[in-house]
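Inside the fold
Listed here are the chains, written in short residue letters.
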Amino acid sequence: MIVRAADRVLVQGITGTQGTFWSQQMIAYGTRIIGGVNPKKAGAEHLGLPVYASAAEAANDRGFEVAVMFVPPMAARAAALDAIEAGAKLLVVLTEHIPAQDVMELIAAAKAGGTRVIGPNTAGLVTPGECFVGIMPAFNAKVHRPGRIGVISRSGSLGALICLNLVRAGFGQSAYIGVGGDPILGTTTRDALRAFEDDAGTDGVMMVGEIGGTAEEDAAEYAATMKKPVIAYIAGAAAPEGRRMGHAGAIVMGDKGTYRSKRAALERAGVRVLDAPTEAGAAFTKALGA
Amino acid sequence: MNFEEHAAKPLLDAAGIAVPKSRLVTSAEEASSAAAELGACVVKAQVPAGKRGKAGGIRMADTADEAAKAARAILAMEIGGHRVERLLVEERIPIAREFYAAVLNDASAKSPVVLFSTLGGMDIEDAAAKDPRALSRCVVDIREGFGHREAEEMLGGRDLGLPSPKRSIGFAQAGDGAKDVAKTLVALYRLYRQRDAELIEINPLALTEDGRLVALDCKFTLDDAAIPRQPGIAALGARERLSALEARGRELGLQYIELDGDVGVLANGAGLTMATMDAVRHLGGRPANFLEVGGQAYTLTKSALELALANPRVKSLVVNFCGAFARTDVMTEGVVTAWEELKPTIPVFFSIHGTGEEEAVELLRARLGMEPFDLMDDAISAAIEAAR
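Residues numbered from 1 in each chain as written. Chains lettered and ligands numbered in written order. Predicted model: local features only at pLDDT ≥ 70, side-chain atom pairs only at ≥ 80, totals over all residues. Heavy atoms only, no water.

**Description of the overall build of chain A**
Within chain A one finds nine helices and 14 strands. A compact globule built from 290 residues should have a C-alpha radius of gyration of about 19 Å, and chain A, at 18 Å, falls within 12% of that. The dimensions of chain A, computed from C-alpha atoms along their principal axes, are 55 × 40 × 30 Å. Burial analysis of chain A (290 residues in total) assigns 63% to the buried set. A separation of at least 24 residues holds for 73% of the contacts in chain A among residues at least 6 apart in sequence. Carbon and sulfur atoms provide 51% of the accessible area of chain A, an area that totals close to 10,000 Å². (Helix = DSSP H or I, 4+ residues; strand = E, 2+ residues; numbered from the N terminus. Rg over C-alpha atoms; globule rule 2.2 N^0.38 Å. Buried < 20%, exposed > 50% of the residue type's maximum accessible area, 1.4 Å probe, protein only. Contact = heavy atoms within 4.5 Å. Areas by Shrake-Rupley, 256 points an atom, 1.4 Å probe, with all protein chains shown as cover.)

**Observations concerning the domain arrangement of chain B**
Interface size, as often reported, equals the accessible area lost upon joining of the parts. When its domains are assigned, chain B resolves into domain 1 (21-91), domain 2 (95-234) and domain 3 (244-387). Inter-centroid distance (C-alpha atoms) of domain 1 of chain B to domain 2 of chain B is 26 Å. (Domains from an automatic or database assignment.)

**Brief notes about the packing of helix α11 (residues 301-310) of chain B against helix α12 (residues 328-342) of chain B**
Pairs of packed helices are described in terms of their axes, by the angle between the two and the distance that separates them. Residue and element names in this part refer to chain B. One can describe the packing of α11 onto α12 by two numbers: an axis separation of 7 Å at closest approach and a directional angle of 50°. With respect to α12, the axis of α11 lies oblique. Both α11 and α12 take part in a crossing whose hand is right-handed. Between α11, through T301, K302, L305, E306 and L309, and α12, the contact on the second element is made entirely by M331, G334, V335, A338, W339, E341 and L342. Residue composition of the contact of α11 with α12, by class: seven nonpolar, two polar and three charged. (Axes fitted to C-alpha atoms, helices over the stretch in contact; angles between N-to-C directions. Parallel < 35°, antiparallel > 145°, perpendicular 65-115°, else oblique. Left-handed = near helix turned anticlockwise from the far one by under 90°. Nonpolar A, V, L, I, M, F, W, Y, C, P; charged D, E, K, R; others polar.)

**Regarding the pattern of salt bridges**
All names here are of chain B. This model, assessed by the stated rule, comprises 46 salt bridges over all chains. Here E240 and R250 are joined by a salt bridge, their closest N and O atoms 3.3 Å apart. Residue E240 is located in the loop between α8 (231-234) and α9 (244-252), and its partner R250 is located in helix α9; the two are separated by 10 residues in the primary sequence. Residue E240 is classed as partly exposed on the basis of its relative accessible area of 45%. With relative accessibility at 47%, the residue R250 sits in the partly exposed group. Salt-bridge contacts for E258 lead to R313; the nearest nitrogen and oxygen are separated by 3.1 Å. Here E258 is found in strand β14 (residues 255-258), whereas its partner R313 is found in the loop between α11 and β17 (316-323), with 55 residues between them in sequence. The network of salt bridges with shared partners includes E5, K9, K44, R52, E90 and D217. (Salt bridge = Lys/Arg side-chain N within 4 Å of Asp/Glu carboxyl O.)

**A closer look at the sheet that holds strand β7 (residues 87-91) of chain B**
Residues and elements named next belong to chain B. Strand order in this open sheet of four strands is β2-β7-β3-β4, and the pairing throughout is antiparallel. Bordering the open sheet on either side are β2 (22-25) and β4 (58-61), each of which pairs with just one other strand. Averaged over all adjacent pairs, the angle separating strand axes in this sheet is 20°, with direction ignored. Where strand β3 (residues 41-45) lies against β7, five bridges are found, and the strand directions are antiparallel. Paired with C41 across the strands is E91, a residue of β7. With respect to the sheet, helix α1 (residues 5-14) is in contact with β2, β3 and β7, its orientation differing from that of β7 by roughly 45°. Those strands touched by helix α3 (residues 64-75) are β3, β4 and β7, and its axis lies near 165° from that of β4. (Pairing = 2+ DSSP bridges.)

**Section: the pairing of strand β4 (residues 49-52) of chain A**
Residue and element names in this part refer to chain A. As defined by bridge partners, strand β2 (residues 32-37) adjoins β4 across two bridges and the pair is classed as parallel. Bridging from a neighbouring strand, G36 pairs with V51 of β4. Taking the residues between adjacent antiparallel strands as the criterion, strand β3 (residues 45-46) and β4 are bridged by two residues, where L47 takes a positive phi near 55°.

Here it is, written out as structure tokens:
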């Protein structure tokens, strides 16, 4: 789930406003985009790249490892199945508000087809200095810079802020993995921790969570077994119970998904939990002795 | 979106799961005539809250007069912060056994889960604590579905028939119960799929003295993301309780949640907005709201600012942008334009980073003569100080 400069990327929904804007940004940064999909504009050229009728057609023509979806929620399931059947190794689902049953279906299909899903409702993946896939400000050197911290986040904007704070303290990122803000995710925080534990380019992991669900509790269980230091920040300490805080997954129901439970689980696992995003830099300076 | 009992039960009925005959009423007089028609009945408060029985919102009535009396009492109640305005008057079902059945999204399994318990009529958590063996759980492969084979496997060998004295009379044989329950579970799963439920729960699912299965209560939660493709039933769901400002936010397509503090918060993205609220509290202040302009809503910044300022408790404002997808130049343009128009008297403090940052900072300098704080904490501290 760490994207590399050599990865060939297909953009589903490349001709839309956002698909166009972010494809331009990705190409400018060095992402190897091989083309896009829009069934209505198949055969045309866009941004100097071929537009295919389907991911299957793109796979037969230029080939790709990674697909990224700029596709509206009700069309997401079909687009995902198309990419999975075409053999995508990695599928980045940026779309927010996909019906949950469609999400479960596409994740089940991906599992059967050997595709790793990132998201839904993620801002994507960044490997500073190499490439990015999604809608992160990779091109802003105050936010993303090559380095040795792996960053995992359920939120794009908060993930960007944390990266900014790390860069300010002199820490770049080995990679940024946006797992997404939905309750049901293809790749969990725990999965991303494992990827960074195994990554030779990563010395420590910054984990950005939020209230709702049990992702942080599950991640804590794995963090307890890790060799590399993990530092966490959990958003939502001041959030009221029973209200959905923007993300579909960010809701406290009774005693489930609370800030307190997550913080306690992480601290029991030996993970330092920050009170504010601005503390991230100092925390790594201490943890890594830099 | 949650459905109250009276809105959920017709969905079960249409799916082939039996429910008691009932009338939805709003007065004691209507309750009385409903009871005259239905006979011995149960009068139930219709509110989007649990624990209605414990609160006294569910009462038995043998006659029309008793129904009117029960209705009068319940209509005077408030349950879980909701005033009772509607009642369901339901025929009373003679219960032999109570079961529990549900289908829901399981985020950890990333799959639907079917639950069945032989201990119904109580909280499923309480039932699990009382006797863990009573609960069966089936993680469904959503691509394969949940049919009779899966249901029967899940119920495997359980005695779900009538208690022995009745059975000996010969109404129902052991094993028949399991077949009927399996049929109900399959119908419930089909309904869950057809109607994009997040959760359907029947508790209790009653086995009547004459061997029928009847759903006595039902919870149904529709996946909010599926509302566009479920227009037929979305109108039946309970409206969320929103303050006037929250309702206005909803109409504008903005995520706005009113809190009781005095420092207004405007940020992009759910995570950053929460973190900004948290930091207000952490640094000794009190946030006045959650207001997110992320996702597709980042072009609505002008409306968002108006909304934040419309709260009379707000004494200062923090604008915290860290653009990924959302472009800070577009959002800042919205804030600056609205600020010029509205000319608010309260102080505002900015912190701006990420996509479009340079243009955004230029805009702020040129048109409001303001400098953003480099650190979000400094902007927040200044706003807290100003609110004092």
